Amino acid sequence: AAYDEPLRGQFHFSPLSGWMNDPNGMVYYRGTYHLFFQHNPHGLAWDTMHWGHATSPDMVHWTQRPIALEPGVHAGDLWSGNAVVDTANVTGLKRGDDDPIVMFSGTNGVTVHYSTDGARTFQTFDHGRKVAVPGGISRDPHVFWHAASGRFVMVVWNDAGSDGGGNGASFYTSTNLLDWTYRSRFAAGWFFECPDMFPLAVDGGATKWVLTDASGEYTIGSFDGTAFHSDWASPQRMDLGANDPGGTFYAGQTFTGVPDGRRIQMSWQPGNHGSTWTGDQTFPAELALRTFPEGVRLTRTPIRELSSLRSGGVTYTNRAVDANSPLGVASADTYEVSAEFDVAGATASTFGLKLHTRADGTYDRAVTYDRAAATLYGRPLSAVNGRVRMRVLVDRGQLEVFGNDGRLSVSDNVNFDSAATSQGLQVYSTGGSVTLVSLQFYRLGRSWG
Ligand code: FRU
């Protein structure tokens, strides 16, 4: 049956059939979250991009809808971009009760598509006329409302811009979402594809603007409505993405218009596939800027709506775990674990979680903290007040690992064996003992409607 294949994510979005890559046009409109996505409905590899479409009441439970944008029906290259809701009808496109939903797409020039019936049907604006043409190779427009200047801003990735070339982002502004004026270019060699840009409060206080690219790199800085000025000379990486061993995370985008103001991101998780589909999205993560000893960093944590999938909770506190006596937590297929360990008091050299263990001692993946190296899952993560926290989301083909409340996050593909004999979950250590300060386990149910 649908969504039952062995590696099919049970709570990660994937297309019912065909190929999927980048998330597009993520927008909240009148009680519904819309996710569009780069989609080839005719095969399992990248080809002839469409915008697929799915809707959700909570960003957790998704229902796939008919294709939104289709070559031959809609003009232009239907590549990545985003969408905004035109609540003030500045486009003049409004027809009935629904606010226009305005989508931006295209390569080497930006085309506009829109819906006037709440994202049921979609039209191309003005036969696909390019409303902005950044220099050189360009793609992946991202539009947002800039309240301070009272204008919409478009940021587009391009190479070989008017400043003489190289990677960068071109900025445009508009008051009607259809006529765009070029304002500035942010040149940065590291910056490649799929920009997203948004303000976030640092530690809940003063606002910084965050500029992200496809590979999960980001910088923070200031934005006056026309030009972005980076605080940093080189970027940080929010997730150990597709370019890092074991990481799969690309082309992240955030929802426009989440009612409570949260900044929530989904990213393409390439690589996982079954016989009928290719590609998944990461579980939606809330972004925040927090100050660490090493500076301000973006944190990612699974959205709280995840709790709607939970059942069968198991809690442990203050358990000593040593090399000879691992702690068996549960037997489960898809689940979530949050665990805190006393690093300072440990004698173990490594400790952590073994996922999908079997009676013969084998397992599908370990999520390990290495005390000497100060790494979690092979990535740097320092203990805080002598402790380290790890949180994992285990799905059929996917593993997401979060360290210290989202300071570290890694999205990975793991071919978990969901046979009943391969569903053990253990807390383990090597070379000594460690105190498991606390552990919370929940089964996670299936999110398909
Ligand atoms: C990123 C990307 C985008 C482009 C899209 C095409 O994965 O290359 O830059 O718009 O995919 O599908």
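- An unreviewed UniProt entry annotates the protein chain as GH32 C-terminal domain-containing protein of Dactylosporangium vinaceum.
- Quoted verbatim from the Sequence similarities (unreviewed entry) heading of the UniProt record, the comment on the protein chain is "Belongs to the glycosyl hydrolase 32 family."

## Quick notes on the overall build of the protein chain
Move 1: Check the secondary structure of the protein chain and you find zero helices and 34 strands.
Move 2: Principal-axis analysis of the C-alpha atoms gives the protein chain an extent of 70 × 50 × 35 Å.
Move 3: Residue burial in the protein chain is summarised as follows: out of 449 residues, 49% are buried.
Move 4: Considering only intrachain contacts with a sequence separation of at least 6, the fraction spanning at least 24 residues in the protein chain is 57%.

## Let's talk about the pairing of strand β20 (residues 277–281)
Move 1: The element β20 is largely enclosed, with a buried count of five among its five residues.
Move 2: With two bridges joining them, strand β1 (residues 18–29) and β20 adopt parallel strand pairing. When the sheet's bridge partners are listed, G18 is paired in β20 with W277.

## Considering the site of the ligand
Move 1: What surrounds the ligand is a group of 13 residues, the closest being Q38, W79, S80, E193 and A251.
Move 2: Of all the elements in the fold, those that place two or more residues in the shell around the ligand are β1, β9 (137–146) and β18 (250–254).
Move 3: Looking at the shell around the ligand, its residues break down into six nonpolar, three polar and four charged.

## Section: the domain arrangement of the protein chain
Move 1: Domain boundaries assigned for the protein chain yield domain 1 (18–302) and domain 2 (306–444).
Move 2: Looking at the side of domain 1 that touches domain 2, the elements that each hand over two or more residues are β19 (264–273) and β22 (295–302).
Move 3: Here the side of domain 1 that touches domain 2 gets five residues from one element, more than from any other, and that element is β22.
Move 4: Among the residues forming the side of domain 1 that touches domain 2, the class breakdown is six nonpolar, 10 polar and five charged.

## What to know about the sheet that holds strand β26 (residues 350–357)
Strands belonging to one sheet form pairs held by backbone hydrogen bonds; the direction of such a pair is parallel or antiparallel.
Move 1: As summarised here, the arrangement of the six strands in space is β24-β33-β26-β27-β28-β29, forming an open sheet in which the pairing is antiparallel. Strands with a single pairing partner mark the edges of an open sheet, and in this sheet they are β24 (327–331) and β29 (379–380).

## Re the nonpolar core
Move 1: One finds L35, I101, M154, L353, M390 and V392 to be the most contacted residues of the largest nonpolar core, which totals 114 residues.
Move 2: For this core, the domains that each give at least three residues are domain 1 (18–302) and domain 2 (306–444).
Move 3: In this structure, L353 is in contact with V337, A339, A366, V367, M390, V392, L425 and V427, ignoring residues within four places of it in sequence.

## Quick notes on unusual backbone geometry
Move 1: With a phi angle near 60°, H127 is a residue other than glycine that sits in the positive phi range.
Move 2: Along the chain, H127 turns up in the loop between β8 (123–124) and β9.
Move 3: Taking the number of C-beta atoms within 10 Å as the measure of exposure, H127 has 8 and is therefore exposed.
Move 4: Phi is positive for D140, which is not a glycine, with a value near 70°.
Move 5: Tracing the backbone through its elements, the reader meets D140 in strand β9.
Move 6: Look at D140 and you get buried, because 29 C-beta atoms sit within 10 Å.

Criteria and thresholds
- Residues numbered from 1 in each chain as written.
- Predicted model: local features only at pLDDT ≥ 70, side-chain atom pairs only at ≥ 80, totals over all residues.
- UniProt positions renumbered as here; feature names shortened; annotations may be inferred.
- Helix = DSSP H or I, 4+ residues; strand = E, 2+ residues; numbered from the N terminus.
- Buried ≥ 20, exposed ≤ 12 C-beta atoms within 10 Å, placed from the backbone.
- Contact = placed C-beta atoms within 7 Å.
- Pairing = 2+ DSSP bridges.
- Near = placed C-beta within 6 Å.
- Nonpolar A, V, L, I, M, F, W, Y, C, P; charged D, E, K, R; others polar.
- Domains from an automatic or database assignment.
- Core = buried A, V, L, I, M, F, W, Y, C linked by C-beta atoms within 7 Å.

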